[in-house]
Amino acid sequence: MSVNKEIKKVTTNTLQKMKAAGEKITMLTAYDFSFAKIIDGAGIDVILVGDSASNVMAGNETTLPITMDQMIYHATSVIRGIDRCLVVVDMPFGSYQSNSDIALASAIRIMKETGGHSVKMEGGAEVVDAIKRIVSAGIPVMGHLGLTPQSIYKFGTYTVRAKEKDEANKLRKDAKLLEEAGCFAIVLEKIPAELAKEVSESIAIPTIGIGAGGDCDGQVLVMHDMLGINTEFKPRFLRQYLNIHEQATGAVQQYIKDVKSKDFPGKNEQY
Ligand code: KIV
């Protein structure tokens, strides 16, 4: 019996046990009630209310514009749809970078107003003081290293990170710092698979990879990408499990045809 199937509610402890048992952790993003219900009902371990909502829900080019109020709206909707999985809420850009007082106040606001179970923050040494304060307040924190989209204007591109020695060394050190600061897991985004393997083996907390190879302790994908709602984004690491874009387009075209031809509504579809 897997650790996953034995439990009624997934907690940060469950993820720790899964890493110890060698059982892979599954995580997907969700931003609303209806998809959260589907994803949780299907048996996912973790839902991330990602600030990727800025891209896939609001149509922004980056994750930077999304606000605290908008993240709280998405997270509250997700929480209403779930029974079992652990919910992680992204702290939006600007809500934690300036100082640890602001970071703590932001994390408390997310926990109080959404009913979420934990928060996620991007960065290593730069945010470690803030992480320590938040963890001391009893709030579980997931870290995020590698390609951290809130720093896109510093990177200048969405290409693979930590290919060079200096950046790889910083990432190794940051992973240790986040573990010591009390993070319960770390997302590793778009880094070489070998480095992700090494980091995953060198820390006791689980790593969740996206474009970081198969040796991370778990995997995460953005729901809109893996379901093919959004078909323009096709990075190498993405496996697309459905083509909702195509199916939904077909359904809408059929509806238009049926209404125009007076086929819909039929006799059994009226009062
Ligand atoms: O916001 C998000 O969807 C994320 C994942 C890509 C990990 O941070």
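Scope of this entry: the structure provided in the associated data block. (Residues numbered from 1 in each chain as written. Predicted model: local features only at pLDDT ≥ 70, side-chain atom pairs only at ≥ 80, totals over all residues. Heavy atoms only, no water.)

### Topic: the sheet that holds strand S4 (residues 118–120)
Right, so step 1: A barrel is described by the order of its strands in space; here eight strands give the closed sequence S1-S2-S3-S4-S5-S6-S7-S8, paired in parallel fashion. In this sheet, adjacent strand axes meet at a mean angle of 25° when their direction is disregarded.
Right, so step 2: Direction of pairing for strand S1 (residues 25–29) relative to strand S8 (residues 218–221): parallel, over a ladder of four bridges. Counted as the bridge partner of leucine 28 is leucine 221 from S8. (Pairing = 2+ DSSP bridges. Helix = DSSP H or I, 4+ residues; strand = E, 2+ residues; numbered from the N terminus. Axes fitted to C-alpha atoms, helices over the stretch in contact; angles between N-to-C directions.)

### As for the side chain of aspartate 90
Right, so step 1: Relative to the helices and strands, aspartate 90 is located in strand S3 (residues 86–90).
Right, so step 2: We classify aspartate 90 as buried; its relative accessible area is 3%.
Right, so step 3: For aspartate 90, the side chain forms a polar contact with the side chain of lysine 120, separated by 2.8 Å. (Buried < 20%, exposed > 50% of the residue type's maximum accessible area, 1.4 Å probe, protein only. Polar contact = N/O pair within 3.5 Å; in protein donor to acceptor, adjacent residues only side chain to side chain.)

### Topic: the pairing of S1
Regular strands show a simple pattern: their side chains alternate between the two faces of the sheet.
Right, so step 1: Of all the five residues making up S1, four are buried; the element is thus mostly covered by neighbouring parts of the structure.
Right, so step 2: Of the pairings in the sheet, the one linking S1 to strand S2 (residues 46–49) comprises three bridges and is parallel in character. The residue bridging methionine 27 from the neighbouring strand is valine 46, located in S2.

### Observations concerning the environment of arginine 172
Right, so step 1: When you line up the elements, arginine 172 lands in helix H9 (residues 165–181).
Right, so step 2: The sequence separation of arginine 172 and leucine 64 amounts to 108 residues, and the corresponding C-alpha distance is 26 Å.
Right, so step 3: When near neighbours in sequence (up to four residues on either side) are disregarded, arginine 172 contacts Leu195, Glu198 and Val199.
Right, so step 4: A distance of 2.5 Å separates the side chain of arginine 172 from the side chain of glutamate 198, its partner in a polar contact. (Contact = heavy atoms within 4.5 Å.)

### Overview of the pairing of strand S7 (residues 207–210)
Right, so step 1: Burial of S7 is two-sided: the residues Thr207 and Gly209 facing one way and the residues Ile208 and Ile210 facing the other way are all buried.
Right, so step 2: For strand S6 (residues 185–189) and S7, the ladder comprises four bridges, and the chain directions are parallel. Across the sheet, residue glutamate 189 finds its bridge partner in S7, namely isoleucine 210.
Right, so step 3: As for the winding sense of the linkage, the β-α-β connection from S6 through helix H10 (residues 193–202) to S7 is right-handed.
Right, so step 4: Where S7 and S8 come together, two bridges link them in parallel fashion. When the sheet's bridge partners are listed, isoleucine 208 is paired in S8 with glycine 218. (Right-handed = clockwise from strand over helix to strand, strands pointing away.)

### Focus on helix H2 (residues 12–21)
Right, so step 1: Where H2 is concerned, the buried positions are Thr14, Leu15, Met18 and Lys19. Axial view of H2: buried residues confined to an arc of 140°, hence all on one face. Looking at H2, the residues exposed on the side facing more than 90 degrees away from the buried face are Asn13, Lys17, Ala20 and Ala21.
Right, so step 2: One side-chain oxygen at the N-terminal end of H2 lies 3.2 Å from the backbone nitrogen of asparagine 13; it belongs to threonine 11.
Right, so step 3: One or two steps after H2, the chain reaches glycine 22, where phi turns positive at roughly 75°. (Arc of directions from axis to C-beta.)

Don't take any of this as a statement about function, it's just geometry.
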